[in-house]
Amino acid sequence: MICNTEKYIALSGGVGGAKLALGLSHVLDTEQLLLVANTGDDFQHLGLSVSPDIDTLVYTLSGLNNKKLGWGRQDESWNFMQACEELEMDTWFRLGDKDLALHLFRTQALSQGLTLSEVTNELCKRFNIKTQIVPMSDDPIKTFVNTSMGTLPFQEYFVKYQCLPEVTGIEYKGIDNAKMAPSFDQYLNDPALQAIIICPSNPFLSVQPILSIPAVKNKLKKIMKPVIIVSPIVEGEALKGPTAKMMKELNIDCDVNGVVELYADIADGIVIDNKDSVYVEKIESRGIKVHTSNIVMQSLQHRIDLAKDVVEFSKMLCKR
Ligand code: FO1
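Residues numbered from 1 in each chain as written. Predicted model: local features only at pLDDT ≥ 70, side-chain atom pairs only at ≥ 80, totals over all residues. Heavy atoms only, no water.

Peer 1: Explanation requested: the sheet that holds strand β8 (residues 167–173) in the structure shown.
Peer 2: Sheet strands associate in pairs through backbone hydrogen bonding, adopting either a parallel or an antiparallel arrangement. A sheet is described by the order of its strands in space; here 3 strands give the open sequence β7-β6-β8, paired in antiparallel fashion. Across the chains shown, the open sheet's two edge strands, defined by having one partner strand only, are β7 (150–153) and β8. Neighbouring strand axes in the sheet, compared pairwise and without regard to direction, differ in orientation by 25° on average. In this structure, strand β6 (residues 142–147) lies alongside β7, joined through 4 bridges in antiparallel fashion. Residue Phe 144 lies in a different strand from β7, and its bridge partner there is Pro 153. Its contacts with the sheet place helix α8 (residues 203–211) against β6 and β8, and it is angled at close to 30° to β8. (Pairing = 2+ DSSP bridges. Helix = DSSP H or I, 4+ residues; strand = E, 2+ residues; numbered from the N terminus. Axes fitted to C-alpha atoms, helices over the stretch in contact; angles between N-to-C directions. Contact = heavy atoms within 4.5 Å.)

Shown next as structure tokens:
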């Protein structure tokens, strides 16, 4: 445990980001870490408010994540889905029986007037999670993917069509009027803030929605605290999901240089895999510091080791 009063914000999407978030929760005290979840993937499904990235963080930090599926809850049963099938309802997006309870909890609480931040805080308490998890915003922001099949709501692109359609652009509807969640705002303005860590999540689908909130964008451009990227790409391949495929489709170099390009306006440092050390000189020539590590995170120990590395690296960085 790194015992001090410096604070860290980690921006995270789903599975890949949650692995580092878990590592960070092991190396930092609870009051030192704020996990900010992407909510661009959130949608209404079968009348329920579903927030996949918040839930992946909640399940991962409580040790209840479904390691086989990569999403949802462990020891899951599927009676509800089976009953939906029998009624010929939509079943392309699968909600397990236990997971269903969480969506019902959120839907009910939101309909009673709680904000998404408040509901998430309640969920953390009930799942006995001490680390603070907040949505990026309490306002609705919806990611749409422009593809060869037309403009698709995020979950249709991701789950229904398995990321197969070619991507030509991405839109975050609602972003112009969205404010960041109150705790996110507070943490960004806290003098004790040491660094902002961008977890190895999909840059287009998970991180950009957070960075595109107008107040976040403005703040990060001028903030005097280091912004550190943990690369979602190793040797030209994505750690998880469609990142590499999307980079190619959007004509961005599918390597760590391409990642740097995506974050060039805010990045002070980047953590890349040891296997990509050939890129260090080129990236540092742009004024962005590089740390090499094992970023694949196959075990809990790897997650903790990488988290320690990122925290130590942040202390060596000064703002450009
Ligand atoms: N991903 C799938 O590939 N298929 C599913 O049926 C599915 C259901 C699901 C239910 C709840 C939840 O929280 C996540 C779920 N996911 C599913 C994952 C989700 O689509 C993505 O992981 C995220 O939105 C991207 O981070």
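Peer 1: Sorry, what's going on with the site of the ligand here?
Peer 2: Surrounding the ligand, one finds 14 residues, the nearest of these being Asp 41, Asp 53, Phe 93, Arg 94 and Gln 155. Within the backbone of Arg 94, a nitrogen or oxygen atom sits 2.8 Å from an oxygen atom of the ligand. At 2.8 Å, a side-chain N or O of Gln 155 approaches an oxygen atom of the ligand. Burial of the ligand by the protein amounts to 90% of the accessible area it has alone, namely 540 Å². Looking at which element gives the most residues to the shell around the ligand, the answer is helix α6 (residues 154–160), with 4 residues. Among the residues making up the shell around the ligand, the classes are represented as 8 nonpolar, 2 polar and 4 charged. (Near = heavy atom within 4 Å. Polar contact = N/O pair within 3.5 Å; in protein donor to acceptor, adjacent residues only side chain to side chain. Areas by Shrake-Rupley, 256 points an atom, 1.4 Å probe, with all protein chains shown as cover. Nonpolar A, V, L, I, M, F, W, Y, C, P; charged D, E, K, R; others polar.)

Peer 1: Just to check I follow, could you spell out the environment of Thr 151 for this structure?
Peer 2: Along the polypeptide, Thr 151 turns up in strand β7. Separated by 128 residues in the primary sequence, Thr 151 and Tyr 279 place their C-alpha atoms 35 Å from one another. What Thr 151 contacts, discounting residues up to four positions off in sequence, is Phe 144, Val 145, Asn 146 and Glu 171. At 2.9 Å, the side chain of Thr 151 and the side chain of Asn 146 are in polar contact.

Peer 1: When you look at the sheet that holds strand β9 (residues 193–198) in this model, what are you seeing that I'm missing?
Peer 2: Read across the open sheet, the 7 strands follow the order β5-β2-β1-β9-β10-β13-β14; overall the sheet is parallel. Edge positions in the sheet fall to β5 (132–135) and β14 (289–293), since each of these pairs with one other strand and no more. Averaged over neighbouring strand pairs, the angle between their axes works out to 25° when direction is ignored. Of the pairings in the sheet, the one linking strand β1 (residues 7–12) to strand β2 (residues 33–37) comprises 5 bridges and is parallel in character. Looking at β2, one finds that Ile 9 is bridged to Leu 34. With respect to the sheet, helix α13 (residues 300–315) is in contact with β1, β9, β10 (227–230), β13 (269–273) and β14, its orientation differing from that of β14 by roughly 160°.

Peer 1: Mind showing me how you'd approach the packing of aromatic side chains here?
Peer 2: Aromatic ring pairs are defined here through the distance separating the ring centres and the angle between the ring planes. Inspection of every chain in the model, using the stated rule, returns 6 aromatic pairs. Note on Trp 71 and Trp 78: the rings are 6.2 Å apart at their centroids and 75° apart in plane angle, and the pair reads as edge-to-face. Residue Trp 71 is classed as partly exposed on the basis of its relative accessible area of 35%. Centroid distance Trp 92 to Phe 93: 5.9 Å. Interplanar angle 70°. Geometry classified as edge-to-face. For Phe 93, a relative accessible area of 11% corresponds to the buried category. Aromatic ring contacts, followed pair by pair, group Phe 43, Trp 92 and Phe 93 into a single cluster. Its guanidinium or amino end placed over the ring of Tyr 187, Lys 7 lies 5.1 Å from that ring's centre, counting from NZ or CZ. The ring of Phe 144 has Lys 173 sitting right over it, with the charged end atom 4.0 Å from the ring centre. (Phe/Tyr/Trp six-rings, centres within 6.5 Å; stacked < 30°, edge-to-face > 60°. Buried < 20%, exposed > 50% of the residue type's maximum accessible area, 1.4 Å probe, protein only. Lys NZ or Arg CZ within 6 Å of the ring centre and 35° of its normal.)

Peer 1: Any chance you could explain the environment of Arg 73 here in plain terms?
Peer 2: Position of Arg 73 among the secondary structure elements: in the loop between α2 (52–61) and α3 (79–86). Taking the C-alpha atoms as reference points, Arg 73 and Cys 84, separated by 11 residues in sequence, lie 19 Å from one another. For Arg 73, the residues in contact, after removing those within four places along its chain, are Tyr 59, Leu 64, Asn 65, Asn 66, Lys 98 and Phe 127.

Peer 1: How should I be thinking about the pattern of salt bridges in this particular structure?
Peer 2: Oppositely charged side chains may form a pair once their charged atoms are brought near each other. According to the stated counting rule, one finds 8 salt bridges in the structure shown. Between Glu 122 and Lys 125 there is a salt bridge, with its nearest N and O atoms 3.4 Å apart. Within this pair, Glu 122 and its partner Lys 125 are both found in helix α5 (residues 116–126), separated by 3 residues, close to a single helical turn. What makes Lys 125 exposed here is its relative accessible area of 55%. Across the pair Arg 126 and Glu 122 runs a salt bridge, and its minimum N-O distance is 3.2 Å. Placement of both Arg 126 and Glu 122 in helix α5 is noted, with a separation of 4 residues, approximately one turn of the helix. What makes Arg 126 exposed here is its relative accessible area of 58%. Residue classification places Glu 122 among the partly exposed residues on the basis of a relative accessible area of 22%. One network of salt bridges, with partners in common, ties together Glu 122, Lys 125 and Arg 126. (Salt bridge = Lys/Arg side-chain N within 4 Å of Asp/Glu carboxyl O.)

Just geometry here; none of it tells us what the structure is for.
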